Amino acid sequence: MKPENEAALAEMVKTAQGPIRIFGGGTRDIGGPTEGEVLSVAGLSGVSLYEPGALTLVAQAGTPVAEIESVLAAESQRLAFEPMDHRALLGTSGTPTIGGVVAANVSGPRRIQVGACRDSLLGVRFVDGQGRILKNGGRVMKNVTGYDLVKLMAGSWGTLGVLSEVSLKVQAVPEASACVLLYGLEETAAVDAMSAALGSPYDISGAAHAPIGIDGHSATMIRIEGLEASVAYRVEKLKALFAGAGAEIHVERAPQNVAAGWSWVRDVALMQGGSGDVWRLSVKPSDAPGLVARLREEHPDIKVLYDWGGGLVWIETPAGRDLRTTGFAGHATLIRASEETRRTLRTFHPEPTPIAAITKGLRARFDPRGIFNPGLMG
């Protein structure tokens, strides 16, 4: 099924006789045992409103992210939340769409500064499980009618409704950027350094650590963006802050090199093309190095990448290893694995009983027939 407009989408959902598997561009198919007839929203495409002065953009759900980024770049603007491109990591093809980004709440390294995708989401239009077209939110931040539902749709993975249109606030591209690089820190010291940077007044827009970086050596990366004079000032302050950290300090100022380095982090290039399972862990930053150390005792060759100051940890493990049994406080999402492993371990971390009850109630309200992506989230 590939509707060309919202009315056709609603009719297809209303008359569906069985489960529906919702697709945007097919680039983030990480959901495991989801059955049903494929419904692609790729035909719902195009930017329907863009007001650069108001930092507001409205697009249909099937609009390619690349098209949106091109429209924004023409006005020196961007999506603030820096969504990753999963294709190289997952070995998928297709075209990432803005509806898929919102449905998965895809958020990159800049989340520590500007929030997640859901924090840039102003409004949505979607079709519920009964084929009703619903609108929630608005096109400006001060219109907060039903705002919680707008945020709820971000990260729902199509289990509450099929997005047809999204409204987003966007951000001006800063005048300058820089990356302060700390070479040679072990992981606990790296997390301490990132925490110090994030706790400083220097407005950090990225904090990541790779035990094996782009050049094969340990690298801690701290990004600063803004006006040229401000960036230069903050770079010097951060160099002074890290002077006693025991690291070799370098500063990258070339815009193309800064962008390339953070694209490497954003798209988890370290684990692209590998054969192991890839997990995405959300943990307390200070807990992350200890968790990784315990895993290395069992699997010394695991690949690791820390983002969000250590609060997000990407780990590539041997196939079939369940990281949820390692006894840590946080959430583990299985991003890349075989279908067999997905059926056994499931993609998403089990919800606590009270949250699971709320989730079940929401799905019963918005999708009473249970036709949207059944089995995806438990």
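This one's a predicted model, so the numbers in the text were calculated from it and none came from an experiment. (Residues numbered from 1 in each chain as written. Predicted model: local features only at pLDDT ≥ 70, side-chain atom pairs only at ≥ 80, totals over all residues. Heavy atoms only, no water.)

Enquirer: Lay out the overall build of the chain in plain terms, naming residues and giving numbers.
Expert: A count of helices and strands for the chain gives 13 helices and 17 strands. For a compact globule of 378 residues, the expected C-alpha radius of gyration is about 21 Å, and the chain comes in at 21 Å, within 12% of that figure. If one aligns the C-alpha atoms of the chain with their principal axes, the spans along those axes are about 65 × 50 × 35 Å. Relative to all contacts within the chain whose residues are 6 or more apart in sequence, the contacts with residues 24 or more apart total 70%. Counting only carbon and sulfur atoms, one obtains 53% of the accessible surface of the chain, whose full area is about 15,900 Å². Within the chain, the 40 negative side-chain charges are centred at a point lying 6 Å from the centre of the 37 positive side-chain charges. (Helix = DSSP H or I, 4+ residues; strand = E, 2+ residues; numbered from the N terminus. Rg over C-alpha atoms; globule rule 2.2 N^0.38 Å. Contact = heavy atoms within 4.5 Å. Areas by Shrake-Rupley, 256 points an atom, 1.4 Å probe, with all protein chains shown as cover. Lys, Arg positive; Asp, Glu negative; His and termini not counted. Charge placed at Lys NZ, Arg CZ, Asp CG, Glu CD.)

Enquirer: Can you tell me about the pattern of salt bridges, naming the residues and giving the values?
Expert: With the rule as written, the count across this model stands at 16 salt bridges. For Arg78, the salt bridge goes to Glu225, with nearest N and O atoms at 3.2 Å. Residue Arg78 is found in strand β5 (residues 77-78), and its partner Glu225 is found in strand β12 (residues 219-226); the two are separated by 147 residues along the sequence. Arg78 sits in the buried class, given a relative accessible area of 17%. The residue Arg296 makes a salt bridge to Glu187 at a minimum N-O spacing of 2.9 Å. (Salt bridge = Lys/Arg side-chain N within 4 Å of Asp/Glu carboxyl O. Buried < 20%, exposed > 50% of the residue type's maximum accessible area, 1.4 Å probe, protein only.)

Enquirer: Requested: an account of the environment of Ser76, with residues and values cited.
Expert: By secondary structure assignment, the location of Ser76 is in the loop between α2 (65-73) and β5. On the basis of relative accessible area, Ser76 is assigned to the partly exposed category, the value being 46%. C-alpha of Ser76 to C-alpha of Thr188: the two residues are 112 residues apart in sequence and 38 Å apart in space. If we skip the residues at most four places from it in the chain, Ser76 touches Ala172 and Val173.

Enquirer: Provide a residue-level description of the side chain of Glu82, including the pertinent values.
Expert: Mapped onto the fold, Glu82 is located in the loop between β5 and α3 (87-90). Among the polar contacts made by the side chain of Glu82, one reaches the side chain of Arg223 at a distance of 2.9 Å. (Polar contact = N/O pair within 3.5 Å; in protein donor to acceptor, adjacent residues only side chain to side chain.)

Enquirer: Quick rundown of the side chain of His86? Include the residues and the values.
Expert: In this fold, His86 is placed in the loop between β5 and α3. With relative accessibility at 7%, the residue His86 sits in the buried group. What His86 contacts, discounting residues up to four positions off in sequence, is Thr27, Arg28, Thr92 and Val106.

Enquirer: Could you give me a rundown of the packing of aromatic side chains, with the residues and numbers involved?
Expert: Each aromatic ring pair is specified by the distance between its two centres and by the angle formed by the two planes. A full pass over the atoms with the stated rule returns two aromatic pairs. Aromatic pair Phe126 and Phe366: ring centres 6.2 Å apart, planes at 55 degrees, arrangement tilted. With a gap of 240 residues between them, Phe126 in strand β6 (residues 121-127) and Phe366 in helix α13 (residues 353-366) connect regions that are remote in the sequence. Above the plane of the ring of Trp262 lies Arg223, whose end atom (NZ or CZ) is 4.6 Å from the centre. (Phe/Tyr/Trp six-rings, centres within 6.5 Å; stacked < 30°, edge-to-face > 60°. Lys NZ or Arg CZ within 6 Å of the ring centre and 35° of its normal.)

Enquirer: A description of helix α11 (residues 288-298) should follow, citing residues and the corresponding values.
Expert: Of all the positions in α11, only Ala288, Pro289, Leu291, Val292 and Leu295 are classed as buried. The buried residues of α11 occupy an angular sector of 160 degrees when the element is viewed end-on, so they sit on one face. Residues of α11 that are buried sit in contact with α8 (187-198), β14 (277-283), β15 (303-307) and β16 (312-317). (Arc of directions from axis to C-beta.)

Enquirer: Could you give me a rundown of the nonpolar core, with the residues and numbers involved?
Expert: The biggest cluster of nonpolar side chains holds 65 residues, and the ones touching the most others in it are Val13, Leu79, Leu163 and Trp314. At five residues, helix α4 (residues 98-104) tops the list of elements feeding residues into this core. Those residues in contact with Leu79, other than ones at most four positions away along the chain, are Val65, Ile68, Leu72, Ile98, Arg110, Leu168 and Val170. By size, the runner-up hydrophobic cluster in this structure holds 38 residues, among which are Ala176, Ile204, Leu281 and Val292. (Core = buried A, V, L, I, M, F, W, Y, C linked by side-chain atoms within 4.5 Å.)

Enquirer: Let's hear about the packing of α8 against α11: which residues, and what values?
Expert: Contact geometry for α8 and α11: axes closest at 9 Å, N-to-C directions at 160 degrees. If you check the angle between α8 and α11, you find them roughly antiparallel. Here the hand of the crossing between α8 and α11 comes out right-handed. Residues Glu187, Thr188 and Val191 of α8 pack against Pro289, Val292 and Arg296 of α11. Partitioning the contact of α8 with α11 into residue classes produces three nonpolar, one polar and two charged. (Axes fitted to C-alpha atoms, helices over the stretch in contact; angles between N-to-C directions. Parallel < 35°, antiparallel > 145°, perpendicular 65-115°, else oblique. Left-handed = near helix turned anticlockwise from the far one by under 90°. Nonpolar A, V, L, I, M, F, W, Y, C, P; charged D, E, K, R; others polar.)

Enquirer: Requested: an account of the environment of Ser120, with residues and values cited.
Expert: Assignment of secondary structure puts Ser120 in helix α6 (residues 117-120). Residues Ser120 and Gln171, 51 residues apart in the sequence, show an inter-C-alpha distance of 9.5 Å. Beyond its immediate stretch of four places on either side in the chain, Ser120 contacts Phe81, Ser167, Leu168 and Lys169.

The values reported here are purely geometric and, on their own, carry no functional implication.
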